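Here are the chains, one letter per residue:
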Amino acid sequence: MSDAKKSWPDLSGRLDAGAHVLGVRVYYEDTDFSGIVYHASYLRFMERGRSDLLRLCGVHHSALDAGITGERLAIVVRHMDIDYLKPAHIDEVLEIRTFCQHARGAKIILEQTVERAGEVLIRARVTAAVINREGRARRIPPEVVERLGVVIASAD
């Protein structure tokens, strides 16, 4: 285990009841002039949630790009539907919850929420795709599906 992992065991969040949970504090840079979180900041928060879900399942973007599965691959967002329900404000602590609905073919479907003390502020449905370096869709490698199966199975 690396020294960073020992010092910051929860830096990547945690897996909890079929979901990945990541704590995020709202900083000044995340807000507009009124102290309310700027809409695009939620995209960054949710990207961190998706990336850390993969990381805790043992799937690393850098390893996929290095070709560990035989071909250099990337997981990219193909489509996202977002409902902005309530605003978050500067200095609040939010929880980004990411649920992996399924991973089949070249597609991964995720549901995400941004919550404040259990209250849902944002809901998003994300379609991600696995592509090669030329941008062509590729089947999700079996070892990635297997590792994601931990959270998919517990989400049902």
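Scroll up a little and you will see the structure.
Described below are features of the structure shown in this document.

The rules behind these values
- Residues numbered from 1 in each chain as written.
- Predicted model: local features only at pLDDT ≥ 70, side-chain atom pairs only at ≥ 80, totals over all residues.
- Heavy atoms only, no water.
- Helix = DSSP H or I, 4+ residues; strand = E, 2+ residues; numbered from the N terminus.
- Buried < 20%, exposed > 50% of the residue type's maximum accessible area, 1.4 Å probe, protein only.
- Polar contact = N/O pair within 3.5 Å; in protein donor to acceptor, adjacent residues only side chain to side chain.
- Pairing = 2+ DSSP bridges.
- Axes fitted to C-alpha atoms, helices over the stretch in contact; angles between N-to-C directions.
- Contact = heavy atoms within 4.5 Å.

**Thoughts on the side chain of R97**
Right, on to step 1. Tracing the backbone through its elements, the reader meets R97 in strand β4 (residues 93-104).
Right, on to step 2. Accessibility expressed as a relative area gives 17% for R97, which makes it buried.
Right, on to step 3. Polar contacts involving the side chain of R97 include one to the side chain of E95, which spans 3.0 Å.

**Re the sheet that holds strand β6 (residues 119-132)**
Right, on to step 1. An order of β1-β2-β4-β5-β6-β3 is seen for the six strands of this open sheet, with the pairing classed as antiparallel. Because the sheet does not close on itself, it has two edges, and the strands there are β1 (14-16) and β3 (73-84). On average, each strand axis in the sheet is tilted by 30 degrees relative to the strand beside it, whichever way the strands run.
Right, on to step 2. Where β1 lies against strand β2 (residues 19-25), three bridges are found, and the strand directions are antiparallel. Looking at the pairing, D16 lines up with A19 of β2.

**Here we look at the environment of G35**
Right, on to step 1. As for its placement among the helices and strands, G35 is situated in the loop between β2 and α2 (39-56).
Right, on to step 2. The class for G35 is buried, based on a relative accessible area of 14%.
Right, on to step 3. Each C-alpha atom of the pair G35 and T113 lies 21 Å from the other, and the pair is 78 residues apart in sequence.
Right, on to step 4. If we skip the residues at most four places from it in the chain, G35 touches A88, H89 and I90.

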